[in-house]
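Residues per chain are reported as follows:
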Amino acid sequence: MADPQSFTALVVETILRIPKGKVASYGQVAAIAGYPRMARHVSWVLNRDSRKYNLPWHRVVNASGGISLKGESGDLQRALLESEGVEFSPAGKVSMKLFGWLQG
DNA sequence: GCCATGGCTAGTA
DNA sequence: GCCATGGCTAGTA
């Protein structure tokens, strides 16, 4: 990564643009920010800067539409998404087709 | 299920 | 080595 500051700023900006009731994957956020293949690093920006920038951190899920967080944080993420109208399949996944920011 | 990614950060939103 | 991921490739004729 050439510029960590720029990476963080662009990822933060991208996450802030995810509309309420929609989700995006880590990889999509990274790609939109201009850093393809940096999906894993999006998660770090998320947990480090969510409070600072009041990020809608719960709107970022994995590429399969599943919640990657384990335990109570994962339960909270699902609850926050459901409160915005996002629906989960019996397998616990969000349809990226229906709720994905970029498809839809 | 397995392996490539990419930077080095470790909290619980 | 680790990881809140991603893609199904992994070869260099």
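Basis of the calculations
- Residues take numbers from 1 onward in each chain, read along the sequence in its written order.
- Ligands are numbered from 1 and chains lettered from A, in the order in which they are written.
- Only residues with pLDDT of 70 or above have their local features reported here, since the model is predicted, and side-chain atom pairs are shown and tallied only from 80 upward, although totals for entire chains, interfaces and linings are computed over all residues.
- Calculation of side-chain values draws on the structure's entire complement of heavy atoms; hydrogens and water are dropped beforehand.
- For helices the rule is a DSSP run of H or I covering at least 4 residues; for strands it is a run of E covering at least 2, with both sets numbered from the N terminus onward.
- Based on C-alpha atoms, the radius of gyration is set beside the globule rule, defined as 2.2 Å times the residue count to the power 0.38.
- Relative accessibility thresholds used throughout: buried, under 20% of the residue-type maximum; exposed, over 50%; partly exposed, between the two (1.4 Å probe, protein chains only).
- In what follows, residue pairs with any heavy atoms lying within 4.5 Å of each other are defined as contacts.
- For accessible areas, the Shrake-Rupley method is used with a probe of radius 1.4 Å. Any residue's cover is judged against the shown protein chains and nothing else.
- Only four residue types enter the tally: Lys and Arg on the positive side, Asp and Glu on the negative side, with His and both chain ends excluded.
- Just so you know, the charge point we use is NZ for Lys, CZ for Arg, CG for Asp and CD for Glu.
- Multiplying one less than the number of residues by 1.5 Å gives the expected span of a helix.
- Note: the arc covers the axis-to-C-beta directions of the helix.
- In this text, near means that some heavy atom of the residue lies within 4 Å of the molecule or strand in question.
- Whenever two N or O atoms come within 3.5 Å, that pair is a polar contact, provided that in protein one can donate a hydrogen and the other can accept it, and provided that, for residues adjacent in sequence, both atoms are side-chain atoms.
- Note on residue classes: Ala, Val, Leu, Ile, Met, Phe, Trp, Tyr, Cys and Pro are nonpolar, Asp, Glu, Lys and Arg are charged, and everything else, Gly too, is polar.
- In this analysis, axes come from line fits to C-alpha atoms, helices being fitted only over the stretch in contact, and the angle between any two N-to-C directions falls in the range 0 to 180 degrees.
- The labels follow the angle: roughly parallel below 35 degrees, roughly antiparallel above 145, roughly perpendicular from 65 to 115, and oblique for the rest.

J.: Tell me about the overall build of chain A, residues and numbers included.
T.: Scanning chain A from N- to C-terminus turns up five helices and two strands. For chain A, the sequential pattern of α-helices and β-strands runs α-β-α-α-β-α-α. Scaling as 2.2 N^0.38, a compact globule of 104 residues should have a C-alpha radius of gyration of about 13 Å, and chain A matches this with 13 Å. Expressed as a percentage of its 104 residues, the buried residues of chain A come to 41%. Put simply, of all contacts in chain A between residues at least 6 apart along the chain, 60% involve residues at least 24 apart. Accessible area for chain A stands at about 6,100 Å²; split by element, carbon and sulfur atoms hold 53% of it. Charged side chains in chain A number 13 positive and 8 negative. The centres of these two groups are separated by 5 Å.

J.: Account for helix α1 (residues 4-16), naming residues and giving values.
T.: For α1, spanning 13 residues, the distance from its first C-alpha to its last is 18 Å, which sits close to the expected 18 Å at 1.5 Å a residue. All of the buried residues along α1 are F7, T8, V11, V12, T14 and I15. Angular distribution of buried residues about the axis of α1 spans 165 degrees; they occupy a single face of the element. Where the residues of α1 are buried, they touch α2 (26-32), α3 (39-53) and β2 (60-61).

J.: How would you summarise the protein's contact with DNA strand C if you had to cite specific residues and measurements?
T.: Taken together, the neighbourhood of DNA strand C is formed by 13 residues, with Y26, G27, R40, N62 and A63 sitting nearest. The sugar-phosphate share of atoms of DNA strand C within 4 Å of the protein amounts to 46%. With respect to DNA strand C, the side chain of S25 contributes an N or O atom lying 3.3 Å from a phosphate oxygen. R40 is positioned such that a nitrogen or oxygen atom in its side chain is 2.8 Å from a base nitrogen of DNA strand C. Put simply, the parts of the chain that give the surface near DNA strand C at least two residues each are α2 and α3. At five residues, α3 tops the list of elements feeding residues into the surface near DNA strand C. Of the residues belonging to the surface near DNA strand C, the class tally is six nonpolar, six polar and one charged.

J.: Could you give an account of the packing of α1 against α3, naming the residues involved and the relevant values?
T.: Closest axis-to-axis distance for the α1/α3 pair is 10 Å, and the angle between their directions is 70 degrees. On the basis of their axis angle, the class for α1 and α3 is roughly perpendicular. Every residue of α3 that contacts α1 at F7, T8, V11, V12, I15 and L16 is listed here: H41, V42, V45, L46, R48, D49 and Y53. Counted by class, the contact of α1 with α3 contains nine nonpolar, two polar and two charged residues.

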